[in-house]
Amino acid sequence: QVQLVESGGGLVQTGGSLRLTCAASGITLSANAMAWYRQAPGKERELVTSIGPGGRASYINSVKGRFTISRDNAKNTVHLQMESLKPEDTAVYYCNKLGTALQWGQGTQVTVSS
């Protein structure tokens, strides 16, 4: 059974940092391009960043220079280091394959207060 579990979210003040973790079971992530998505209240889920099997990363403009995606194939995990957080980053964050999505996990809530 494939399962994706996101963790590491929380409540931080503007300018704070968080490190999110995506742990997978039932699938080996190393051969897949992975991505972090987020969904803010009243908005559609959006792609935030992705990382290819070889480590090449891509980011949407609003998070460039602040977010860093990484992967640890030995641990079958993907991480998202978030720095200089802004209230606009408030959302539930999810991880998934960049292509055909697996079953979505529960996500992890990130709340940035002003």
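Presented here is an overview of the structure given in this document. These figures come from a predicted structure and were not determined experimentally.

1. A closer look at the state of the cysteines
All told, the structure shown has one disulfide when counted by the stated rule. A sulfur-sulfur distance of 1.9 Å marks the disulfide that ties C22 to C95. Residues C22 and C95 share a disulfide whose torsion about the S-S bond is about 60°; that sign makes it right-handed. Of this pair, C22 sits in strand β3 (residues 18-25) while C95 sits in strand β9 (residues 91-97); the two residues are 73 residues apart in sequence, bridging distant segments of the chain. The class of C95 is buried, set by a relative accessible area of 1%.

2. Things to note about the packing of aromatic side chains
Applying the stated criterion to the full structure yields two aromatic pairs. Relative to W104, the ring of Y37 has its centre 5.2 Å away and its plane inclined at 80°; by these criteria the two rings are edge-to-face. Of this pair, Y37 sits in strand β4 (residues 34-39) while W104 is found in the loop between β9 and β10 (108-113), placing the two residues 67 residues apart along the sequence. Residue classification places W104 among the partly exposed positions, given a relative accessible area of 30%. Relative to W104, the ring of Y94 lies with its centre 5.9 Å away and its plane at 80°, an arrangement referred to as edge-to-face. Taken together, the residues span a long stretch of sequence, with Y94 in strand β9 and W104 in the loop between β9 and β10 at a distance of 10 residues. The buried category is assigned to Y94, whose relative accessible area is 12%.

3. So, the sheet that holds β3
Backbone-to-backbone hydrogen bonds join strands into a sheet, with any given pair of strands oriented parallel or antiparallel. With respect to topology, four strands assemble into an open sheet ordered β1-β3-β8-β7, the strand pairing being antiparallel. Looking at strand neighbours, the two that pair on one side only are β1 (3-7) and β7 (67-72), the edges of this open sheet. Adjacent strand axes in the sheet meet at a mean angle of 15°, parallel and antiparallel pairs treated alike. Relative to strand β8 (residues 77-82), β3 runs antiparallel, the two sharing six bridges. Bridge assignment links L18 to a residue of β8, and that residue is M82.

Calculation notes
- Each chain has its residues counted from 1, running along the sequence as written.
- With pLDDT at 70 or above as the cut-off, local features in this predicted model cover only qualifying residues; side-chain atom pairs require 80 or more to be listed or tallied, and sums for whole chains, interfaces and linings still use all residues.
- Only heavy atoms go into the side-chain values, all of them from the structure, while hydrogens and water stay out.
- In plain terms, two cysteine sulfur atoms within 2.5 Å form what is called a disulfide here.
- Secondary structure counts use DSSP, requiring at least four H or I residues in a row for a helix and at least two E residues in a row for a strand, with both numbered from the N terminus.
- To sort residues, take the accessible area from a 1.4 Å probe on protein chains only and compare it with the maximum for the residue type: under 20% means buried, over 50% means exposed, and anything in between is partly exposed.
- Centre distance within 6.5 Å is the pairing criterion for rings of Phe, Tyr and Trp, where only the six-membered ring of Trp is used; planes under 30 degrees apart are then read as stacked, over 60 as edge-to-face, and the remainder as tilted.
- The pairing criterion is simple: DSSP has to find at least two bridges between the two strands.
- Simply put, an axis is a line fit to the C-alpha atoms, just over the touching stretch for a helix, and the angle between two N-to-C directions goes from 0 to 180 degrees.

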